[in-house]
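# Structure at a glance
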2 protein chains.
Amino acid sequence: MRILKSAILLFSLLLFFNAGSQTDENVIKEIYKQSLTNGKSYDWLNYLSNQIGGRLSGSLNAEKAVAYTKEELDKLGLDKVWLQPVMVPKWVRGFKEYAFIESEKGKTTTVNICALGGSVATPALGLKAHVVEVKNFEELETLGKENVEGKIVFFNRPMQADLISTFQAYGGCVNQRYKGAVEASKYGAVGVIVRSMNLRLDDLPHTGSMTYDDLPVSKRIPSAAISTNDADLLSTMLKLNKSTKFYFKQNCKQLKDVLSYNVIGQITGSEFPNEYMIVGGHLDSWDLGDGSHDDGAGVVQSMDVLRLLKETGIKPKRSIRVVLFMNEENGLRGGKKYAEVAKQKGENHVFALESDAGGFTSRGFSFDCSDASFNQVLSWQPLFKPYLIHYFEKGGSGADVGPLKTNTNVLAGLRPDSQRYFDHHHASSDTFDAVNKRELELGAATMTALVYLFDKYGVPVTKKSQLKK
Amino acid sequence: MRILKSAILLFSLLLFFNAGSQTDENVIKEIYKQSLTNGKSYDWLNYLSNQIGGRLSGSLNAEKAVAYTKEELDKLGLDKVWLQPVMVPKWVRGFKEYAFIESEKGKTTTVNICALGGSVATPALGLKAHVVEVKNFEELETLGKENVEGKIVFFNRPMQADLISTFQAYGGCVNQRYKGAVEASKYGAVGVIVRSMNLRLDDLPHTGSMTYDDLPVSKRIPSAAISTNDADLLSTMLKLNKSTKFYFKQNCKQLKDVLSYNVIGQITGSEFPNEYMIVGGHLDSWDLGDGSHDDGAGVVQSMDVLRLLKETGIKPKRSIRVVLFMNEENGLRGGKKYAEVAKQKGENHVFALESDAGGFTSRGFSFDCSDASFNQVLSWQPLFKPYLIHYFEKGGSGADVGPLKTNTNVLAGLRPDSQRYFDHHHASSDTFDAVNKRELELGAATMTALVYLFDKYGVPVTKKSQLKK
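Residues numbered from 1 in each chain as written. Chains lettered and ligands numbered in written order. Predicted model: local features only at pLDDT ≥ 70, side-chain atom pairs only at ≥ 80, totals over all residues. Heavy atoms only, no water.

Looking at an unreviewed UniProt entry, chain A carries the name Carboxypeptidase Q, with the source organism given as Flavivirga aquimarina. Quoted verbatim from the Subunit (unreviewed entry) heading of the UniProt record, the comment on chain A is "Homodimer. The monomeric form is inactive while the homodimer is active." (UniProt positions renumbered as here; feature names shortened; annotations may be inferred.)

Below you can see the structure in the form of C-alpha cells.
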C-alpha cells in the first residue's frame, strides 16, 4: 500500500482527476503526497518564526503576523479572506528579569527567571525576601499566614515524569503558575516564584499566563518562573539554610487593551454553504522564543489545509474556513470573539479542528462530540493506518474552538507526539530549528484528511440524511 | 488508567511486591515508571556520546566503548558479563575530504563530501574529471561505456519524500551508495559521487558502507557522498554546462582486520536457563557524529532492559542476554560471530530483539516470526495501548540478530518514529543533543515490556506447553 511505484501513481492520479471515481484511500494518499512533497507549511513557518518572531498579543510582531498571514491567504485563491477585529490585552515584559539566591549576606548566586504573563513588576529596585517552599496549595494553607507573610512563596511541584501524556503532567502542575499569586497573596506573601513547567532539567525559564482574579491592585504580587535547574538549586539551598533569601527584579506591565485581529479565509461550500467547518491555530505566541511550536505550527498547518484541499482538487460541499486566532495565550479574546460573531450571524458550525499541541509527528485526534460522531470517526480508522495515525479518543479539542461547542457539532484537536513539547513550551527554546519539516507536514496532511472526510460524510447527529457510508 | 494518583500507585506497588498477584498491566506500568523516572539509558548515552564519541570498528573509541559498557554492565549485578572476541575490519578516513565543482577553468565552488566507508583513496593530488549524472543503474547501463568511461558517475536519486516510512525511502535509494562503485566501474568510470541518503536539504554529507564485491584492486574507484544541497547544486551546474568537472580528494584506507569484541551480559533463567532471549544494539558507529541515534540509543536501551527487569523485581524464567554487537556498520562481524558461537554451543535462542532505528518515540515493533507467535503478540496489544504503542507488523527485525533466525523463534525490531532519523543517520548531526531523554526512555521501557511478556508466556510454536494465557 505505501510504496508508490510510478505506474500505480500515474494510474491513481488518472483515477483521481476523473472525479467521482476516486476512493477515499486515493484522495487521502494524494493529500499526504502533496503535503510531503509540495507542502507550504514549513516555508510559512520559517517566515513567521525567523522574519517575524515571537508574537505576543498587542505587539508589533503580532500585527506583522496578521498582515503576513492575510497576504499569504490572499495568494491562495480562496473565496474570501478577511480580518476580524478583536480587542486584546497588551502586557509587556520590559527589561530582562534578574534574580539571585542569597544564601548569606553578600553570597549570591544568579539564577534564570522570567516574569509570568500578566504579572506586575517588582519595586524598581527589586524585591528581596525569605522564601517558603511548597508543593501545592494545601501545603500553603497548612503553613498559614504566620509562616508565609512577608515571604516569597516558591511553588516547586515538578511535572510527573511517568505520565505518558505530557499534557496530563502539565495539567497536574499548571495551577501553581496560573493561581499561585492569588493563593500566596491570601497569606500575605510578597512574591511568587514557580518552577518552570518543563520535564527537562535545564536553565530555561518558561513563561505562561497567570491571574490575579479580582484581587485589588494593592494585593497583586509579582510572579516569575524559575528554570528547573535553578528550582532544584533553590530547593537544595533552602534545605541547607532556611534563612536563604531570594531577590528578583522585573518591570513588566499590563497596558490598555489594543485592537488586533483574527485572520480568516474561506472556501465556500458547493452544496451546504451555510454549514461551516473550521481549522485553526493561534497567531499570537509568547515572547521568549519565536513561537514555532506554540502555535506557529498550528497556524501554518491550518493554512495548508485549505491549500491542500485546492491542490488535490477537492471541492468541499460545506464552507471550510481557516481561522488564525489572536490572543489564545493570555486572554482567549480571539476565540471568544469568533464564536460571538458566529452566533450573531447564526452561522452553523458543524465542525472545528484546532492544532495547538506542537508541530511534532501527528498521532491522531481528540474529539469532543456525540457517540454517533465518534463512531463515525472510528469507522475511518483504517484510512489513517497507512500514515501511522492511530490515536482517536474522546476528550478536549482546543481552547480557541471551545466556545463554538454545541450539542451536535464536532470539535477536535490534533494530537501530535507530546514527548518533546514541554522542552520548548513558552521558553526561549520554542524556535524554528526545533520543528522538523516532515513532522509538520504530516500534521497538515492528517488535518486535511479529517476535514475531507467530515466534509464528504457530514456530522451524523445533525445531518443524518447526508450520511452516505 | 494513565493518571497515577499516589494512593493507587502505593496500592499497586504493594500488590506488585506481593509476587504472584501482580497483573501484566501493573508490571508494565511499573516498567515504564522506572524507565521514565529512574532510567539509566540517557546517562549512559551521554557518556558514550560525549566522553567517547564516534566508534568506528577497529578504532580506539570502539575499544573504549567496549570497556565502558562492560564496566557498566558489571555494576548491574547480572549473573554473567563477558566479552566475545571477534575480528573486525578497520577502515580509516584519513584527513578531511575536499571537493569542488569546476564550472569553467579557474572557477570553482567548494562542496561538502565525505568518503564512503570502505572506499579507496583518490590519487594523492586528488581526482578531477567530467561528470555524468544518473538516477539509477538502468540509466547508467543505457549511457554505456562511451558516455561513462573516464568520468565521475554522480548518482542523484533522492529519497522519496511521500513514503511515510523513511526506512522504505532509504531502501529505495541505498543501492546507489552500496553498489554504485561496482556498477560505475563496469563502464570505466574513475570515481563515484552519491547524493546523501537524507530527506532534508542541508549541507551535511552522510557516509555509510559501500562494496567493491570481487573487483580487482585496479578497478576499485573512490566513492564519496555529497550533501543534498550540493547534489542539487551540482545537478543544476551540469544542466547549465555539461562540461562541468568535479574534483575530490580523500585518503581513506582499508587496513588489516583487528581484534574487537561483542559485549554480553546475562540474567540466567530460573526455569528454562537454556532458552535464550536477547536484546541488543550495535556498539560501533560511523565516525562523523558521535553515533547517538545509530546506535548508541539501541545500546543503552538494551542495557537498560536488563537493569529495568531487575529494578522491577522480575525474575525471568528464561536466560535474558543483552548483546552489544560490534561492527554492524561495515561488516556485521559481531552479529555473525554471536550466531556462530551460539550454534557451536547449541544455545536455543527463542527470541531476539534489536533496537537500531534511532532513539525516537517508540511506535511498536516489527516481527519476523510464525503466525502463531504474531497472533500472540497481537493479543498483547491492549497492554501497550496506554503507552501509545500501536505498531505491530510482520517484517524485518535487525541486521545483528538476523543470523539467529530459525523456523520457530521470534526476531523483532523496535520501531521508533522514523521521521527525523535520516536527518542524522551517518552524518555529523548524529549527536547527543538530537536525542530526547523521554523518547529514549520510552523505547527502553517498551522493549522491556515485550521481553517480560515473551519470557512469561514463551514462544508458542516452540513451547506450546508453556503457554499460560
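## Side note on the interface of chain B and chain A
On the chain A side, the residues contacting the 36 residues of chain B number 36 residues. Of the roughly 3200 Å² buried between chain B and chain A on both sides combined, carbon and sulfur atoms contribute 52%. There are four salt bridges connecting chain B and chain A. In this structure, the salt-bridge partner of Lys385 of chain A is Glu393 of chain B, at a minimum N-O distance of 3.5 Å. In this assembly, chain B and chain A are joined by 15 residue pairs in polar contact (both at pLDDT 80 or more). Contributions of two or more residues to the side of chain B that touches chain A are made by α2 (24-38), α6 (166-171), β14 (362-368), β15 (391-394) and α14 (437-457) of chain B. Ranked by residues supplied to the side of chain B that touches chain A, first place goes to α2 of chain B with four residues. For the side of chain B that touches chain A, the per-class residue count stands at 14 nonpolar, 10 polar and 12 charged. (Contact = heavy atoms within 4.5 Å. Buried area = accessible area lost by both parts, 1.4 Å probe. Salt bridge = Lys/Arg side-chain N within 4 Å of Asp/Glu carboxyl O. Polar contact = N/O pair within 3.5 Å; in protein donor to acceptor, adjacent residues only side chain to side chain. Helix = DSSP H or I, 4+ residues; strand = E, 2+ residues; numbered from the N terminus. Nonpolar A, V, L, I, M, F, W, Y, C, P; charged D, E, K, R; others polar.)

## Re the packing of aromatic side chains
Residue and element names in this part refer to chain B. Tallied over the entire structure, the rule returns 46 aromatic pairs over all chains. Aromatic pair Trp380 and Tyr457: ring centres 6.1 Å apart, planes at 35°, arrangement tilted. Taken together, the positions of Trp380 in the loop between α11 (371-379) and α12 (381-384) and Tyr457 in helix α14 put the pair 77 residues apart, joining distant regions of the chain. With a relative accessible area of 2%, Trp380 lands in the buried category. Using a relative accessible area of 9% as the deciding quantity, one classes Tyr457 as buried. (Phe/Tyr/Trp six-rings, centres within 6.5 Å; stacked < 30°, edge-to-face > 60°. Buried < 20%, exposed > 50% of the residue type's maximum accessible area, 1.4 Å probe, protein only.)

## Considering the relation of the copies chain B and chain A
With an RMSD of 0.0 Å, the operation that places chain B on chain A is a rotation of 180° combined with a shift of 0.0 Å along the axis. A rotation of that kind, with that shift, is consistent with a two-fold axis. It is His390 of chain B whose C-alpha, among those of chain B, lies nearest the rotation axis, at 3.5 Å. Most of the interface of chain B is mirrored in chain A: 100% of its interface residues are interface residues there too. (Least-squares fit on C-alpha atoms with pLDDT ≥ 70 in both.)

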